[in-house]
Every structure is written in structure tokens, then in C-alpha cells.
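# Results of the structural survey
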Amino acid sequence: MNERRAERLVAALFGLASLAGIALLVLYAAGGQTQLEAILLAAALGGIGLGIVLWAHHLLPDELVVAERHPLATPPQPDPPEAEAATRAITRRTLLVRTLGGAFAALGAGLAVPVLSLGPAPSGPNRPTGYRAGVRLVGLDGQPLKAQDLPVDGVATVFPDGAVGSAIGQTVVVRVDPGLLRLPADRAAWAPQGYVAYSKLCTHAGCPVGLYRAEEHRLLCPCHQSTFDVLDGAKPVFGPAARPLPQLPIQLQPDGTIVALDDFPEPVGPSVWNLTQHG
């Protein structure tokens, strides 16, 4: 491969890495897709790595240069032609240096921006969700959820009565064997007879946590694969979510319906969130 062609190929690889880094940033900002993010990250890293290898192999001189020692009394001799050629080979690669810098910058931005998903530290409920003492949990049809309608390992999405379809009030109720629960002592009473309710909004990016793996007793967010342990206070056990799903205190009524004892004690969704509520 001649030198000019190698230089263009290396610049193209660094350019590809830059585009992949920028695409990674845009994809994440648009909501993310784990598989595509992995492909773009591999393209960015691969472009940089392969470009550096080709640069070193084809564009840097590999001749062994030996400078003869001259007597001290003689004036200094100019650098050997080979050393001058090596210097020129390095310093004249302005295009490659700039494209490599751009590739690293784009890759760094694509990897750094997801940190923003952590958001500010939660400081308390950012707004009422519609739950308060005595408010019944109802389905999307507006009908109250009854305990007998939910079998063991069953799951249902509910809303506060009077706010059906509310984005911020959507809640998932799961029924498990009460003997398996490992809730803190002050929250054990919030899960009567194994019925436990958590906010359905993922604490990472606010996506609905819509999948339940009954054999593992875990809730899964389909957006970025955050996984929460239902038995242990919905603590995150996998994925980018950093805090548990807030638990709703509930109580069973004599007629079989389920009511809230209060609103969620922590903010729902991704920390402090300006989600518009839909009623």
C-alpha cells in the first residue's frame, strides 16, 4: 500500500469513528436502543484502533538509524537524512492528527452524556400522583382492582381512582408468596398478604416497567434493561437504574378492593422530573 493511499484510509477510519461517536450521542438522546448503541460503540473503538495500527505500520518509518559519534572538537553535524525523513513523516500528518482528535472527542461525548440520566439527587415527591389515604386502585377500565382477581405471581397495572391513564400515577401491583418478601420492617405492612405495589416508572429514564419475570420475581424495563427485585423493595439488580422503584403503601379492604394508605414516599420516575401529567 502506497503512503498516500494509507494516509487516506487512516483518515477515513478516524472519520468513521467520529460519525459513530456522534450517532451514539444522538441515539442516546432520542431514547436509546441497547443493541444499536453497542454496534456504534464498537464501530467507534474499532475505527480508532485500526486507524492507529495502519498509521504505525504504513506511515511511520521503521528503519534503524545509527548516528556516528563525532569528535568533540568538530562542529555539530546536521541530522542524518533518515532522521529528517522520520520527523517530516510525523509532523506533516496534520490531517490524521485532527481526525484522530475528532474521533476521540466524538467518542468521549457519546460516552459521557449518559451520565446526565442520573439527574439531580431526589429531594422529595416532585408532585402528587393522585394517591392519598383511601383512594382505590383501579384498572385502565376504571374498575377497582380486587384481590381475588390477581393470582399468585400475577401482575396488574393500576391508577389512582379518578386519574385513570395518568402517566405519573401508573403503578404495578404484583402478588407474591408473602413468605418470600424481604421488605424493610417499616414497609412490610405495605404489602398485605403478598400484594405489593410499585411505581411503574423506571427510575433511570422514566420508561414504563412493563415486563415481569415471575420465576425470578423481577420487574424489567424494556428501554435500557434495568431490572428490579420485587421481593427486596424493587431494588435495582441490573442495568443503569440507580435507585429502587418507589413503593406505594396499600391496604386490603373487606370488600376485596385495594386502597392506598398515602402517596408514594419518594419521587416517582427519574429523580426530579418535569413530566406533564395526563389525566
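As the structure is a computational prediction, the values presented were derived from the model and not from experiment. (Residues numbered from 1 in each chain as written. Predicted model: local features only at pLDDT ≥ 70, side-chain atom pairs only at ≥ 80, totals over all residues. Heavy atoms only, no water.)

## Digging into the state of the cysteines
Worth spelling out the cut-off: Only a pair of cysteine sulfur atoms within 2.5 Å counts as a disulfide in this structure description. Helix numbering and strand numbering both begin at the N terminus, where a helix is a DSSP run of H or I of at least 4 residues and a strand a DSSP run of E of at least 2.
Applying the stated criterion across every chain, the model contains 1 disulfide. Covalently, Cys207 is tied to Cys223 through a disulfide, its sulfur atoms 2.3 Å apart. Every disulfide takes its handedness from the sign of the S-S torsion; for Cys207 and Cys223 that torsion is -105°, giving left-handed. Taken together, the residues Cys207 in the loop between strand E4 (195–199) and strand E5 (211–213) and Cys223 in the loop between strand E6 (218–220) and strand E7 (227–229) connect sequence positions 16 residues apart. Lacking any disulfide linkage, Cys202 is separated from the closest cysteine sulfur, that of Cys221, by 4.0 Å.

## Things to note about the sheet that holds strand E9 (residues 247–248)
This is how it is decided: When DSSP locates at least two bridges between a pair of strands, those strands are taken to pair.
Strand order in the open sheet formed by 5 strands is E1-E2-E3-E4-E9, with antiparallel pairing between adjacent strands. Of all strands in the sheet, those bounded by a partner on one side alone are strand E1 (137–138) and E9.

## Overview of the sheet that holds E5
Stated precisely, the cut-off is as follows: Axis definition: a line fitted to C-alpha atoms, limited for helices to the stretch in contact. Angles are taken between N-to-C directions and run from 0 to 180 degrees.
With antiparallel pairing, 4 strands are arranged side by side in an open sheet as E5-E6-E7-E8. In this open sheet, the two edge strands, each paired with only one partner strand, are E5 and strand E8 (235–238). Each neighbouring strand pair of the sheet contributes to a mean axis angle of 35°, computed without reference to strand direction. The pairing of E6 with E7 spans 3 bridges and is antiparallel. The partner of Arg218 across the bridge, within E7, is Asp229.

## Focus on unusual backbone geometry
With phi around 55°, His217 is a residue other than glycine that occupies positive phi space. Inspection of the secondary structure assignment puts His217 in the loop between E5 and E6. A positive phi angle, near 65°, is found at Gln225, a position not held by glycine. Here Gln225 shows up in the loop between E6 and E7.

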